[in-house]
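Given next are the chains, with one letter for each unit.
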Amino acid sequence: MSKRQSSRLLVASQRTGLAEDPNEKDAPGRRMRALPTETGRSALSPYLKRYEAPSCIGLKINAYRDYEVAALAEAIRTPDLEDSPIECVMVGDSYFMTHLGRSTTAMEGDQEREWALTTLVGLVGEVRKTLDTEFPRNRRPFLMADLPDGATSDAATARAAAAAFAGAGADGVKIEIAAERELRCVEEVAGSGLPTLAHLGYAPQRGALARHGDTVRSALSLFAQARRARDSGACGLIVEMTSEVANRALSRPHRHGLPVYSIFSGRARWGGQSLNVWDAVIRPARKSRYFPPTAAIDASQAPTAYTPELIADRMRELLRLTLAGRFPPTPRTALGAHEVAKIAETDPWLTGSPRPDGR
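About the thresholds
Residues numbered from 1 in each chain as written. Predicted model: local features only at pLDDT ≥ 70, side-chain atom pairs only at ≥ 80, totals over all residues. Heavy atoms only, no water. Helix = DSSP H or I, 4+ residues; strand = E, 2+ residues; numbered from the N terminus. Buried < 20%, exposed > 50% of the residue type's maximum accessible area, 1.4 Å probe, protein only. Contact = heavy atoms within 4.5 Å. Areas by Shrake-Rupley, 256 points an atom, 1.4 Å probe, with all protein chains shown as cover. pLDDT = per-residue confidence, 0-100. Salt bridge = Lys/Arg side-chain N within 4 Å of Asp/Glu carboxyl O. Pairing = 2+ DSSP bridges. Axes fitted to C-alpha atoms, helices over the stretch in contact; angles between N-to-C directions. Disulfide = S-S within 2.5 Å. Phe/Tyr/Trp six-rings, centres within 6.5 Å; stacked < 30°, edge-to-face > 60°. Lys NZ or Arg CZ within 6 Å of the ring centre and 35° of its normal. Polar contact = N/O pair within 3.5 Å; in protein donor to acceptor, adjacent residues only side chain to side chain. Core = buried A, V, L, I, M, F, W, Y, C linked by side-chain atoms within 4.5 Å. Right-handed = clockwise from strand over helix to strand, strands pointing away.

Participant: Describe the overall build of the protein, listing the residues and the values that go with them.
Facilitator: Tallying secondary structure elements over the protein gives 12 helices and 10 strands in all. Every one of the 359 residues in the protein was classed for burial, and the buried ones make up 54%. Taking the intrachain contacts of the protein between residues at least 6 apart in sequence as the baseline, contacts between residues at least 24 apart amount to 69%. Looking at the protein as shown, the accessible area adds up to about 15,600 Å², and 50% of this sits on carbon and sulfur atoms.

Structure, rendered in structure tokens:
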């Protein structure tokens, strides 16, 4: 590793916040740069590239199989993408819907739940080997495993499931938060020493399909849940189907905040964007503006046409669109201008909301 690379890794491991800087403009009237913060010195810190990247975002890529990870590695070997800020690769329970054609990630009965956990643990081991082979150590993403439905039935079950993922090679796990029970699971798993991220907003395993943070009250509730997740030991957040303004508020670097990855929640400077290799290639069953415009084949063609070459080609295009700020689109919102301003001015990480930057 060169001195320059070593220096960049050291800087990245220390940064997750903002301070005044004449070279970087953030909020109106303020100029910002990254600085060390107390929450930044966490398990995710060495992987966070968003504070160095010209695009000012980080990337989480959902990939489930070894050939998909190899295709991702091939995609970023092209000169304009070799510094893509890929921070994390996740083996998610969405595998059951994408590759296996199920209609939901919810499981029925103990036997299905055991099968789901066993399947994902096996996929994590497969992806771990390919990450270690295809990505150099100084560019290797954090490997996150998704606790499937049933794995958070109680804290002890969550801890055992998380340990199984860690044994397969996961660097950390994600837990969907639908109620207080899952927060206790976060506390238990994080307390065991395994980095744990909390999934807020729409929770596909148990929650109703709805956009969160699309009223002031809903945004404040989302922010309160983010604080609860942080205080339970979470080292990062996944937010799904939130309003863009709520996503941006949570993503502002903050001395008391957590790194955020978002799904179907618009774009946020200093945030993390979740992308999916399957969605980059396979058209959704119903046309939607929120899915990548790069998809080239239907799911029925996947058995023969979903090849590493096509995955690499479509991921290159999706990465370029994302880093250029052209994907994802801003979600539609019911918020008025006054409500947007009120949410934007709220500090999500401190009760009482003294200032958006926590100072």
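Once you've had a look at it, read on.
Participant: Run through the confidence of the model for the protein, naming residues and quoting values.
Facilitator: On average, the protein scores 88 in pLDDT, and the residues at 70 or more come to 86%. Contacts for the low-pLDDT stretch residues 1-40, under 50 throughout, to residues beyond four places or in other chains number 86 contacts.

Participant: Please set out the pattern of salt bridges residue by residue, giving values where relevant.
Facilitator: Per the stated rule, a full pass over the model turns up 18 salt bridges. For Glu182, the salt bridge is made with Arg181, and the minimal N-O distance between the two is 3.1 Å. A residue is classified by how much of its surface remains accessible, and Arg181, at 29% relative accessible area, is partly exposed. Through salt bridges with shared partners, a single network forms among Arg128, Asp132, Arg140 and Asp171.

Participant: Can you explain the sheet that holds strand β6 (residues 172-176)? Please cite residues and give values.
Facilitator: Read around the barrel, eight strands follow the order β3-β4-β5-β6-β7-β8-β9-β10 and close on themselves; strand pairing throughout is parallel. Pairs of neighbouring strands in the sheet enclose a mean axial angle of 30 degrees, with direction left out of account. The pairing of strand β5 (residues 142-146) with β6 spans three bridges and is classified as parallel. Its bridge partner being in β6, Met144 is matched across the sheet by Gly172. Its contacts with the sheet place helix α8 (residues 244-251) against β8 (236-240) and β9 (260-263), and it is angled at close to 165 degrees to β9.

Participant: Describe the state of the cysteines, and please don't skip the residues or the numbers.
Facilitator: Counted by the stated rule, this structure contains zero disulfides. Cysteine Cys88 shares no disulfide, and the gap to the nearest cysteine sulfur, in Cys235, comes to 9.8 Å.

Participant: Outline the environment of Val340, listing residues and values.
Facilitator: Inspection of the secondary structure assignment puts Val340 in helix α12 (residues 337-344). Given the relative accessible area of 30%, Val340 is considered partly exposed. With residues up to four places along the chain from it excluded, the contact list for Val340 reads Val245 and Leu335.

Participant: How would you explain the packing of aromatic side chains if you had to name every residue and give the values?
Facilitator: On inspection of all chains with the given rule, the structure shows eight aromatic pairs. Centroid distance Tyr95 to Phe96: 6.0 Å. Interplanar angle 70 degrees. Geometry classified as edge-to-face. The burial state of Tyr95 is the same as that of Phe96; both residues are buried. For the ring pair Phe264 and Phe291, a centre distance of 5.4 Å and an interplane angle of 55 degrees mean the geometry is tilted. One end of the pair, Phe264, is in the loop between β9 and β10 (272-276); the other, Phe291, is in the loop between α9 (277-281) and α10 (302-305), and 27 residues separate them in sequence. By relative accessible area, which is 26% here, Phe291 ends up partly exposed. Taken together, the aromatic side chains of Tyr64, Tyr95, Phe96 and Trp115 make up a single cluster linked through ring pairs. The ring of Tyr261 has Arg50 sitting right over it, with the charged end atom 5.0 Å from the ring centre. When the ring centre of Tyr290 is taken as reference, the NZ or CZ atom of Arg211 above it lies at 5.8 Å.

Participant: How would you sum up unusual backbone geometry? Please name residues and give values.
Facilitator: With an omega of 0 degrees, the peptide bond running from Phe327 to Pro328 counts as cis. Take Pro328: it is sitting in the loop between α11 (308-323) and α12. Positive phi, normally seen in glycine, also occurs at Cys56, with a value near 60 degrees. Take Cys56: it is sitting in the loop between β2 (31-35) and β3 (58-62). Judged by relative accessible area, which is 10%, Cys56 ranks as buried. One non-glycine residue, Trp270, lies in positive phi territory at about 70 degrees. Take Trp270: it is sitting in the loop between β9 and β10. Classification of Trp270 as buried rests on a relative accessible area of 4%.

Participant: Tell me about the side chain of Glu87, residues and numbers included.
Facilitator: In this structure, Glu87 sits in strand β4 (residues 86-91). In this structure the side chain of Glu87 is engaged in a polar contact, spanning 2.7 Å, whose partner is the side chain of Arg50. Discounting chain neighbours no more than four positions away, the residues touching Glu87 are Tyr47, Leu48, Lys49, Arg50, Gly58, Leu59, Pro141, Phe142 and Tyr261.

Participant: Could you give an account of the nonpolar core, naming the residues involved and the relevant values?
Facilitator: Counting residues in each nonpolar core, the largest one holds 81 residues, and the members touching the most others are Phe165, Leu237, Tyr306 and Met315. Not counting chain neighbours up to four residues away, the residues in contact with Phe165 comprise Leu117, Leu120, Val121, Val124, Ala145, Asp146, Leu147, Pro148, Ala170 and Val173. Counting residues in each nonpolar core, the second largest holds 14 residues, with Leu44, Leu48, Cys56 and Leu197 among its members.

Participant: I'd like a rundown of the pairing of strand β7 (residues 196-201), residues and numbers included.
Facilitator: A large share of β7 lies buried, amounting to six of its six residues. Between the parallel elements β6 and β7, the chain passes through helix α6 (residues 180-191) in a crossover that is right-handed. For β7 and β8, the ladder comprises five bridges, and the chain directions are parallel. By the bridge assignment, Gly201 is partnered in β8 with Glu240.

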